[in-house]
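Topology and contacts: notes
Each chain is listed here by its residues.
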Amino acid sequence: MSILVDSYTKLCVSGITGREGTFHSLRNRDYGTNVVAGVTPGKGGQDVDGIPVFNTFHQAVEETDANTGMIFVPPRFAADSILEAEDAGIELIVVITEGIPAHDELRVYNAIRKNGRSRLVGPNCPGILSPGKANVGIIPAAFFKEGNVGVVSRSGTLTYQIGNVIAQQGFGNSTIVGIGGDPVPGSDFIDVIGLFEDDPQTELIVMCGEIGGDAEERAAEFVAENVSKPVVAYIAGFTAPPGKTMGHAGAIVSGSRGTAAAKAEALEARGVRVGRTPTEVAELAVSLLGAAA
Amino acid sequence: MSILVDSYTKLCVSGITGREGTFHSLRNRDYGTNVVAGVTPGKGGQDVDGIPVFNTFHQAVEETDANTGMIFVPPRFAADSILEAEDAGIELIVVITEGIPAHDELRVYNAIRKNGRSRLVGPNCPGILSPGKANVGIIPAAFFKEGNVGVVSRSGTLTYQIGNVIAQQGFGNSTIVGIGGDPVPGSDFIDVIGLFEDDPQTELIVMCGEIGGDAEERAAEFVAENVSKPVVAYIAGFTAPPGKTMGHAGAIVSGSRGTAAAKAEALEARGVRVGRTPTEVAELAVSLLGAAA
Amino acid sequence: MDLLEYQGKQLFTRHGVPVPDGVPAKTVEEAVAAADEIGYPCVIKAQVQIGGRGKAGGIKVAKDRSQAEEQARAILGMDIRGLTVHELWVEGASEIASEYYASVIFDRSAKAPLVMLSTKGGMDIEEVAASDPDAIARLHVDPLVGFQDFHGRRLAFEAGVDSDVVGPVGAMLAALYDAFIGEEATLVEVNPMIVTPDREVRALDAKVTLDDNALFRHSENADLRDISAEDPQERMAKERGLTYVKLDGDIGILGNGAGLVMSTLDVVAQAGGSPANFLDAGGGAKADAITSAVEVILSNEKVKAVLFNIFGGITRGDEVAKGLIEAFDQIKPTVPFVVRLDGTNDEEGRRLLAEANLPNVHTEPTMDGAAQKVVELAGVAAGDGQGRPDEAQSPQDAGLEAPRR
Amino acid sequence: MDLLEYQGKQLFTRHGVPVPDGVPAKTVEEAVAAADEIGYPCVIKAQVQIGGRGKAGGIKVAKDRSQAEEQARAILGMDIRGLTVHELWVEGASEIASEYYASVIFDRSAKAPLVMLSTKGGMDIEEVAASDPDAIARLHVDPLVGFQDFHGRRLAFEAGVDSDVVGPVGAMLAALYDAFIGEEATLVEVNPMIVTPDREVRALDAKVTLDDNALFRHSENADLRDISAEDPQERMAKERGLTYVKLDGDIGILGNGAGLVMSTLDVVAQAGGSPANFLDAGGGAKADAITSAVEVILSNEKVKAVLFNIFGGITRGDEVAKGLIEAFDQIKPTVPFVVRLDGTNDEEGRRLLAEANLPNVHTEPTMDGAAQKVVELAGVAAGDGQGRPDEAQSPQDAGLEAPRR
């Protein structure tokens, strides 16, 4: 099994003709991902190392039955490309682009949620890797192998860090999902943990959070009510510098939520084991898996 | 049974303190409708002949559990009042107001459909009457009695005309729904006919259409595929004057649809009996009911 | 409300739709001054709210001042399909490399704005739609999310515009959509939308229809209403809050509710009569509105008989009767009236009419009976054989609706 | 990007938010001229991007010219919570009948704008939120549908504003929402929003935070950036595409990815060290970015040791190594470096480092080991006991996030 990406994935890359877009599309294909198309307006008819390029997502879907999109265009074009992918019927849209305006993210998130046709992962995320099946994004797949640990993370490099330690202990991953750390992530911890809960391959879930927002606190509640599988968490930012701010509205809204300590406390109060360093998280995961085995 | 309004209806009237609002609210209450509240910003705390008035729909719902809204405010305030009712959790919103800007209707329609929480009937409609149970709107209830004919109509006075002839023949109505003739009706023939199909009290459906748009054509297809009960239709406007227009886009979009002849043809092609005058429609209905009895 | 071309172009400019420079003119002198200002060659264009101006000779190129004067003189006062030319638009002549068609329309059926684009511009687009429908690319836009760049690109690629103008054409469509939403239009149409040899995209014509119900939010647009272009009877009706459309027949019609009035026209036609007008007194009409309505109906000299068809909901029968009695008092009509009065306070209304004992007013209990009666009376009034009703009029144009109550 | 009060008010004006008239000034002479223009009494307000100006003496009323000069002289150059006052805003004094609080904030959690209103304005609103949370009315707005009149009414009624200003307060909230959306702000806050004795509603203060990522669409806002108010090292970092935040400790930190850098700070703190900075080299950093990053880190004189913690995804280990080697060549650092290099091209990177044989550069295979090592080296560099790390810093303020890669 695994979640979100696998051998059924037919990937269409928006921005495939850009330097980074080409590089990672081909890397994803080398890994075994079925990269069926690319989209670059005005370059329809060309190809990138054999991958056909189309002017619009709609043409790409019509010609190749693409079901997954990867967005690799510059930030000012990203919202448009995401909405185009959704309009064209793409089911899963993975947005790598970083630096998208917050109001664009808000608009796109709400539009896609209300329509209920597509799932969005990212923006500003490293993508999704189901080891041995498919890699959509920029996760360095070589450090991970197939296994039974599902990982969901707001941070890319931190994911690699934790996944790598787990791999070094001889365990592997069902799927690694980078949800990104932007103000309005298309998918949240809850969305992905729910998928892992339903995924037979996944036996343990690692969630990797950060300070800010309340996604971890909400995930803690969700896990307590809906998740039977063991969950191990890490929260980065215990030592993060206080930001500077002029206004007070933010503090009114978030109250005491949002700090690493509050998040860790919320998670532990609901039975989620929280590791204090990436290494400790990996060790916790390994010990739980060892006990289960 | 009956549909949409009945003894469970708890009505809150927006614009209750206006002249027309007061008149029809009290008339509806006299008929037996449970009119629990009114909304007029700034007049919260007052009452209209014992019906409490609130500043906001939210307060009204909180205090009275209102589940149905009737909008009686001037056109420029109507979109806001409809969205407020929806936001407050009102399930059925009946909009009597005529002359609402088309773009307001477009925005409100799409917002409410996407949220999927409320049903909108109207704007520019005479309301909904379930004889013997509840009257929400301006339909003159005295001309109708309880029975097994469901009526759905784009035109108010035409509805009275047809319903009256049916009543004179000794038959009655389950519910009479005026969907209004505005560019963007909140509920369409299809929506209401679907409800009649599921309503045990309704044994025959009369739909009363007009030239323009393609709601009747779409209803014809819906009836052919989804409706087991007999449907009788009337279309007004065989002799209507051709409108004047400068642009051609309208004609491109609608092609040959929209004329009374095209509508009647579409309905008859799918087994719906079409009467050529209101009287003929009533006679058709009566003969079908007589045959069934 | 339909705008004249130049009004549409001025509106376009507010939304970043590129149009050629131009100046409006109401006299030959103004037109020549405008042409001097614009420079030669320029184009003198009749401003009337109807299509087919070019074929009718209402659009002419002027290469110099004397031609400008000559053309302006020829076009001002010209009759184009029944409309007199009172205004001109003088604009710089554009060089044309390609002609496209673009529009945004309020699509009632889809409940969304529909954007259309075709490379077959500059010709009769309805004909293109009939003979080669695939030549018109069409996209609906989610009104809550709005027009996105991809809509423009997709339309441009699907319509097959020249590849070097995909961007500008998309931007033009975005600007037209912005105008459509921002001005609360029900139609924005550009035919032709041109590409110049310099590869600039411009709106060479502008057809804009605004939503009358939204004019209270757009006072600058409300001022554009061309009262002189309206039918005087229709204007009188509008001023009195009535919806009136003049027709070709001889039977005056008054009803309450657009549906009932349309149905009344149908029933009169089926009875062999020919309606002289559509008049919806609206819901809840009071006596004075009814009196005004009679005045409007009788201002059409062709009317030989009048049918009142009232089924009262909010409209009350007694008010209708009072209005009719007052009208007889004021106007003293000479044609016969047939009155069918049902619904709220109908008995009271009929009683009032009976008491007033108006000359030549007949009450009928049913709609069908009333229609028969009025057709009969109109025939008598016209003299035998003379006033025989015309054929029932042909079904109306597609896509249009009769005015509503 | 945070705006100064007067910049926020100028932005408000574009969206119809009423504010008192005012004039900015950078010198005492300009301030006096401004005061003369505005008229007396007027208010001289320090323009710094921080709260608590009033308490610090940065807001003074001037009744006449000599007071204006005196106050301007006193405030210009004043230090307010670490920020020097370079600019003044001179505005007409407002009479105040009531003081309210209003804000619109980008609520990440609800994924919608949140509008707040309270009648407890003019005081510390965080304290109100803590002691009397019901005193603040709150509503989320569906960003696809936008702010409706009912939102304004509901907030006004729920907050309990004076009944005669429900309309104007609602209109003010609508205008603030319009500014929030139109300028792509993440915060718009007005405290106090006042009602004058004439029952007019005005924004007496303005706190606006704009989304840096959206400034490309708002060139007039992008020009408002006050470079002089930024930390010079942070500015240097920003110019080089790095995210850098200066901290109080002595261990320089470089990593790739905000999460990994935050985690590195945590691990260093747990090992007893005290980070001197947060520096995220970003994804795919090339050698020259790494070289720049070293320069930025070492520009902080407190740094006694530097930790590189790299787990390469798009970032390649060989590029990191090359950048470090180049930095040693250019800058010749004297403090010890600990390098932990994993991920893409890590072996190549470690080989390059080994070949370069840089002085005092230690490679460590694990993140934890590297943190231990750098803490140890910083302690040695500081002299025994002296350079003992501070306590780990306290958890950061609520609701704020560290900068992201």
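Everything quoted here is computed from the prediction, not taken from an experiment. (Residues numbered from 1 in each chain as written. Chains lettered and ligands numbered in written order. Predicted model: local features only at pLDDT ≥ 70, side-chain atom pairs only at ≥ 80, totals over all residues. Heavy atoms only, no water.)

1. What about the overall build of chain A?
Helix and strand content of chain A: 10 helices and 14 strands. Here the C-alpha radius of gyration of chain A, 19 Å, is about what a compact globule of 293 residues would show, namely 19 Å. Principal axes of the C-alpha set define a box for chain A whose edges measure 55 × 50 × 30 Å. For chain A, the residues scored as buried account for 67% of the 293 residues in total. In chain A, the share of contacts with a sequence separation of at least 24, taken over all contacts with a separation of at least 6, comes to 74%. (Helix = DSSP H or I, 4+ residues; strand = E, 2+ residues; numbered from the N terminus. Rg over C-alpha atoms; globule rule 2.2 N^0.38 Å. Buried < 20%, exposed > 50% of the residue type's maximum accessible area, 1.4 Å probe, protein only. Contact = heavy atoms within 4.5 Å.)

2. Looking at the pairing of strand S10 (residues 146-153) of chain A
Residues and elements named next belong to chain A. By the criterion of burial, S10 is predominantly enclosed, with seven of the eight residues buried. As paired strands, S10 and strand S11 (residues 173-178) are joined by five bridges and run parallel to one another. Looking at S11, one finds that glutamate 146 is bridged to asparagine 173. Assessed by its sense of winding, the connection that carries the chain from S10 through helix H5 (residues 156-168) to S11 is right-handed. (Pairing = 2+ DSSP bridges. Right-handed = clockwise from strand over helix to strand, strands pointing away.)

3. Looking at the interface of chain B and chain C
Between chain B and chain C, the residue contacts involve 69 residues of the former and 75 residues of the latter. Roughly 6,100 Å² is buried in total at the junction of chain B and chain C, and carbon and sulfur atoms are behind 60% of that figure. For the pair chain B and chain C, the interface holds three salt bridges. The partner of C:Arg217 in a salt bridge is B:Asp104, and the shortest N-O contact between them spans 2.9 Å. Taken together, chain B and chain C are joined by 14 residue pairs in polar contact (both at pLDDT 80 or more). Broken down by element, the side of chain B that touches chain C gets its largest block of residues, nine residues, from helix H4 (residues 102-115) of chain B. Here the side of chain B that touches chain C is composed, by residue class, of 29 nonpolar, 25 polar and 15 charged. (Buried area = accessible area lost by both parts, 1.4 Å probe. Salt bridge = Lys/Arg side-chain N within 4 Å of Asp/Glu carboxyl O. Polar contact = N/O pair within 3.5 Å; in protein donor to acceptor, adjacent residues only side chain to side chain. Nonpolar A, V, L, I, M, F, W, Y, C, P; charged D, E, K, R; others polar.)

4. Points about the domain arrangement of chain C
Assigned domains within chain C: domain 1 (22-92), domain 2 (98-222) and domain 3 (232-382). Distance between the C-alpha centres of domain 1 of chain C and domain 2 of chain C: 26 Å. (Domains from an automatic or database assignment.)

5. Thoughts on the packing of helix H2 (residues 28-38) of chain D against helix H3 (residues 65-75) of chain D
Any two packed helices are characterised by the angle at which their axes cross and by the distance between the axes. Residue and element names in this part refer to chain D. At their nearest, the axes of H2 and H3 sit 9 Å apart, and the two run at 140° to each other. Helix-helix and strand crossings are classified by hand; for H2 and H3 the assignment is right-handed. Side by side, H2 and H3 meet where Val28, Ala31, Val32, Ala35 and Asp36 of the first sit next to Arg65, Ala68, Glu69, Ala72 and Arg73 of the second. Taken together, the residues of the contact of H2 with H3 break down into six nonpolar, no polar and four charged. (Axes fitted to C-alpha atoms, helices over the stretch in contact; angles between N-to-C directions. Left-handed = near helix turned anticlockwise from the far one by under 90°.)

6. A few points about the sheet that holds S10(A)
Residues and elements named next belong to chain A. Pairing within the open sheet is mixed, and its seven strands lie in the order S9-S8-S11-S10-S12-S13-S14. What marks the edges here is a single partner per strand, and that holds for strand S9 (134-137) and strand S14 (273-275). Going across the sheet, the axis of each strand differs from the next one's by a mean of 20°, ignoring polarity. In this fold helix H1 (residues 19-31) packs onto strand S8 (127-130) and S9, with an angle of close to 170° to the strand it touches most, S9. This element, H5, spans S10, S11, strand S12 (204-210) and strand S13 (231-236) of the sheet and lies at about 150° to S12.

7. A few points about the pairing of strand S12 (residues 207-210) of chain C
Within a regular strand, side chains alternate between the sheet's two faces. Residue and element names in this part refer to chain C. Here S12 shows no split at all, with Lys207 and Thr209 on one side and Val208 and Leu210 on the other all buried. Taken together, the four bridges between strand S10 (residues 185-195) and S12 define a ladder with antiparallel strand orientation. For glutamate 189, the partnering residue across the bridge sits in S12 and is lysine 207.

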